[in-house]
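Topology and contacts: notes
One-letter residues, chain by chain:
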Amino acid sequence: MHQKDVLRTNNKMEKEKYNKITIKQISGAEAMIHCLLAEGVDLIYGYPGGAIMPVYDELYKFQKKLNHILTRHEQGAVHAAQGFARTSGKVGVAIATSGPGATNLITGIADALIDSTPIVCITGQVASHLLGTDAFQETDIIGISTPATKWSYQITKANEIPYVMAKAFYIARSGRPGPVLIDITKDAQFESFDFEYKKCLGIRSYNPLPEINTKKIDEAISIINNAKKPLLVWGQGVILGRAEEELKSFIEKTGIPAVWTILGLSALPTSHPLNMGMVGMHGNYGPNLLTNECDVLIAVGMRFDDRVTGDLNTYAKQAKIIHLEIDPSEINKNVKVDVPILGNCKESLGLLIKKIKQNNFSSWINHFKELYEIEYKKVIKGDLFPKKNGLTMGEAIESINKYSKGDAVIVTDVGQHQMVACRYAKFNRSQSNLTSGGLGTMGFALPAAIGAKMGAPDREVVAVIGDGGYQMTIQELGTIFQTQVAVKIVVLNNDFLGMVRQWQQLFFDKRYASTEMTNPDFVTIAKGYHIDAVRVTKRNELDSAVKKMMLSKKPFFLEVCVEKEDNVFPMIPSGASVSDIRLE
């Protein structure tokens with residue numbers, strides 16, 4: 001996907017210089033900066049400390065070329081780097097010191113691994129002669145991070161820096177993207193050497209872009225051309241592979257209905273007539289039920305996560321399954337498939353489009369429409385146009401849609417608000433839905449929205465957050481205040497850890513153990529950071545408040561006080577079949 005990224009510089013000669021740079025006798029710390037510039041980095045997030053101080057000293061000298069954003073916590077830095085990567089399509093960078101600074105990055109790194117987000121994290125480390133002595137703020141960050149990264153490496157000699165950093169960026173952005181962590185000892189930062197930089201173009205035994213087997217393409221075409229009730233499920237691989245146009249062309253030529261995982265949302269406009277909605281635990285009624293009725297299931301850039309499949313023993317057993325995937329480890333990992341097609345889905349979809357026949361599945365599509373009408377009457381109408389006195393999360397999202405017109409980036413945390421936003425937010429453009437999918441990280445949304453806005457400064461970015469997750473990284477309001485990044489923050493406040501409470505209601509006889517929250521005055525806190533803020537408690541206040549927020553050119557905080565014990569439906573109980581989806 002990212003192998004053809006160009007360096008973000010204004011000068012062609014500067015690009016050439018950084019591809020071939022050679023400098024006599026510079027420090028390891030300065031070399032780190034030149035490596036970042038060579039990789040086109042002009043924005044990083046971080047938090048300084050003793051073991052990384054030499055690099056920060058060089059950052060000070062290079063601040064006209066490399067903008068550093070001081071977050072209020074290292075977790076904020078790594079989530080911001082994720083948000084930047086996902087809206088810009090570039091590699092995000094986070095930097096921290098040793099010990100607790102490094103370990104505070106781990107949650108975001110693990111999140112980036114499972115959600116395939118390209119980031120490079122740089123951590124300082126104690127001097128090499130102190131390694132293993134339990135020195136002040138020493139921790140084995142390589143040992144800790146190895147299971148959560150695509151690659152991690154500890155630099156102890158300055159002359160390792162150019163090769164290791166070039167390799168780090170190549171690994172992070174190539175194939176299935178992901179996080180890389182580079183740990184550098186303090187003495188390596190001070191040590192001088194003759195610096196020579198070359199970009200990494202390949203690594204022996206690492207094949208990030210598998211060659212597509214044309215025989216598998218032909219097998220898939222034969223199956224698809226003979227299908228009676230085909231269904232396409234796409235995931236984030238379409239966005240990462242920049243295959244949005246190929247996806248659209250494929251479904252329009254074949255007439256096949258298409259559905260999405262939450263990370264795939266926005267690759268195809270939500271208004272597209274062949275876009276049938278979301279699969280998964282809180283997905284749409286028709287897409288889930290009909291997964292177990294289709295005769296051909298085409299999975300594109302998705303990994304058959306348990307929240308999508310439910311009980312694997314009953315998942316799509318009647319269907320022939322075709323899986324387009326770039327990561328060989330995902331083939332047959334959870335679901336045994338009939339035709340695996342390894343490679344970038346942009347290329348594999350393109351090959352399929354050339355030979356696939358035009359078709360029409362109107363009667364099959366009508367089945368989706370019939371089930372949507374059932375869902376609309378029992379769930380959607382009440383979520384978006386409630387008759388009850390209290391506000392719902394759904395009508396808050398619908399109000400945002402009214403003013404965003406489907407062009408905003410929506411960043412969500414984890415919980416009920418996340419599922420409601422994914423169900424009801426409208427999108428016209430790709431790379432518009434940012435959420436913590438696989439790891440389910442509370443605290444993701446606020447710092448990720450900061451990075452998302454910096455990665456797409458021309459776009460409106462709205463963070464939709466629950467009152468629980470918001471307080472996990474609420475300190476990043478300080479970052480917003482200092483940078484004045486124009487993020488719009490919407491907290492849907494039900495004074496509960498809502499999703500956990502829902503499960504307690506449905507499966508634990510309403511024993512609300514440690515889920516009710518006594519919350520602070522969020523509006524006063526926002527105003528303490530000099531951020532415009534409004535609280536909405538009544539329906540007749542909502543529209544004008546959302547309009548004011550969306551028209552603002554500055555950071556804005558909106559608290560929407562919603563019903564305390566509303567539930568998100570449809571719902572597939574954990575471990576149940578997708579056919580067991582409940583509407584109430």
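Residues numbered from 1 in each chain as written. Predicted model: local features only at pLDDT ≥ 70, side-chain atom pairs only at ≥ 80, totals over all residues. Heavy atoms only, no water.

**Details of the overall build of the chain**
Secondary structure summary: the chain contains 24 helices and 20 strands in total. Against the globule reference of 25 Å for 584 residues, the chain gives a C-alpha radius of gyration of 24 Å, in line with a compact fold. Viewed in the frame of its principal axes, the chain has a C-alpha envelope of about 70 × 60 × 45 Å. The buried share among the 584 residues of the chain stands at 61%. Contacts in the chain between residues far apart in sequence, at least 24 positions, make up 77% of those at least 6 positions apart. Total accessible area on the chain stands at roughly 23300 Å², and carbon and sulfur atoms take up 51% of it. Side-chain charges in the chain split into 66 positive and 62 negative, and the spacing between the mean points of these groups amounts to 6 Å. (Helix = DSSP H or I, 4+ residues; strand = E, 2+ residues; numbered from the N terminus. Rg over C-alpha atoms; globule rule 2.2 N^0.38 Å. Buried < 20%, exposed > 50% of the residue type's maximum accessible area, 1.4 Å probe, protein only. Contact = heavy atoms within 4.5 Å. Areas by Shrake-Rupley, 256 points an atom, 1.4 Å probe, with all protein chains shown as cover. Lys, Arg positive; Asp, Glu negative; His and termini not counted. Charge placed at Lys NZ, Arg CZ, Asp CG, Glu CD.)

**Let's talk about the domain arrangement of the chain**
Here the chain is described as being made up of domain 1 (19–197), domain 2 (214–368) and domain 3 (389–561). Using C-alpha coordinates to define each centre, domain 2 is positioned 30 Å away from domain 3. Taken together, the contact pairs 17 residues of domain 2 with 19 residues of domain 3. Roughly 1400 Å² is buried in total at the junction of domain 2 and domain 3, and carbon and sulfur atoms are behind 60% of that figure. Ranking the residues of domain 2 by area buried against domain 3 places I262, S266 and H282 at the top, with a combined share of 39%. Taken together, the links from domain 2 to domain 3 amount to zero salt bridges. (Domains from an automatic or database assignment. Buried area = accessible area lost by both parts, 1.4 Å probe. Salt bridge = Lys/Arg side-chain N within 4 Å of Asp/Glu carboxyl O.)

**So, the sheet that holds strand 12 (residues 296–300)**
Whether parallel or antiparallel, the strands of a sheet pair through hydrogen bonds between backbone atoms. Read across the sheet, six strands follow the order 11-10-9-12-13-14 without closing on themselves; strand pairing throughout is parallel. Of all the strands in the sheet, the pair left with one neighbour each is strand 11 (275–278) and strand 14 (339–342). Put simply, the sheet's adjacent strands are angled 20° from each other on average, direction ignored. Where strand 10 (residues 258–260) lies against strand 11, two bridges are found, and the strand directions are parallel. (Pairing = 2+ DSSP bridges. Axes fitted to C-alpha atoms, helices over the stretch in contact; angles between N-to-C directions.)

**Section: the packing of aromatic side chains**
Within this structure, the stated rule accounts for 11 aromatic pairs. Aromatic pair W364 and F368: ring centres 5.2 Å apart, planes at 80°, arrangement edge-to-face. With a gap of four residues between them, W364 and F368 both fall in helix 16 (residues 362–384), about one helical turn apart. As far as the burial class goes, W364 and F368 line up, both buried. With a centroid separation of 5.6 Å and 25° between ring planes, the pair formed by Y470 and F557 is classed as stacked. Linking Y470 in helix 20 (residues 467–470) with F557 in strand 20 (residues 556–561), this pair joins segments that are 87 residues apart in sequence. (Phe/Tyr/Trp six-rings, centres within 6.5 Å; stacked < 30°, edge-to-face > 60°.)

**Considerations on the sheet that holds strand 15 (residues 409–412)**
Pairing in this open sheet of six strands is parallel, and the strands run 16-15-17-18-20-19 from one edge to the other. Both outer strands of the open sheet, strand 16 (433–435) and strand 19 (532–536), are each paired with one neighbouring strand and no more. Taken pair by pair, the neighbouring strands of this sheet meet at an average axis angle of 15°, ignoring direction. Bridging between strand 19 and strand 20 involves five bridges; their strand directions are parallel. Paired with R535 across the bridge in strand 20 is E559.

**Brief notes about the nonpolar core**
Nonpolar side chains tend to gather and get buried jointly when the protein is soluble and globular. Residues L232, W234, F250, L297, I298 and I322 are the most contacted members of the largest nonpolar core, which totals 103 residues. Considering each element in turn, this core owes the most residues, seven residues, to helix 16. Each of domain 2 (214–368) and domain 3 (389–561) accounts for three or more of the residues forming this core. Residues within four places of W234 in sequence aside, it is in contact with L247, A258, V259, W260, T261, G264, L265, A267, L268, N275, V300 and M302. In terms of nonpolar packing, the next biggest core, distinct from the first, is built from 44 residues, V91, A158, I184 and I203 among them. (Core = buried A, V, L, I, M, F, W, Y, C linked by side-chain atoms within 4.5 Å.)

**Digging into unusual backbone geometry**
Here the amide bond leading from F569 into P570 is cis, since omega sits at 0°, within 30 degrees of zero. Within the fold, P570 resides in the segment after strand 20. Residue S266 is not a glycine yet carries a positive backbone phi of 95°. One can find S266 in the loop between strand 10 and strand 11. Take S266: its relative accessible area is 2%, and that puts it in the buried class. A positive phi is found at A316, a non-glycine position, where the angle reads about 50°. Note on placement: A316 falls in the loop between helix 14 (306–309) and strand 13 (320–325).

**Observations concerning the pattern of salt bridges**
Counted under the stated rule, the structure contains 25 salt bridges. A salt bridge links K198 to E196; the nearest nitrogen and oxygen atoms lie 3.9 Å apart. Among the residues examined, K198 registers a relative accessible area of 57% and is labelled exposed. Across the pair E375 and R423 runs a salt bridge, and its minimum N-O distance is 2.7 Å. Remark: R423 occurs in helix 18 (residues 416–424) and E375 occurs in helix 16; sequence separation between them is 48 residues. Here E375 and R423 have matching classes, each one buried. Taken together, the shared-partner salt bridges in this structure form one network comprising R176, D327, E330 and K333.

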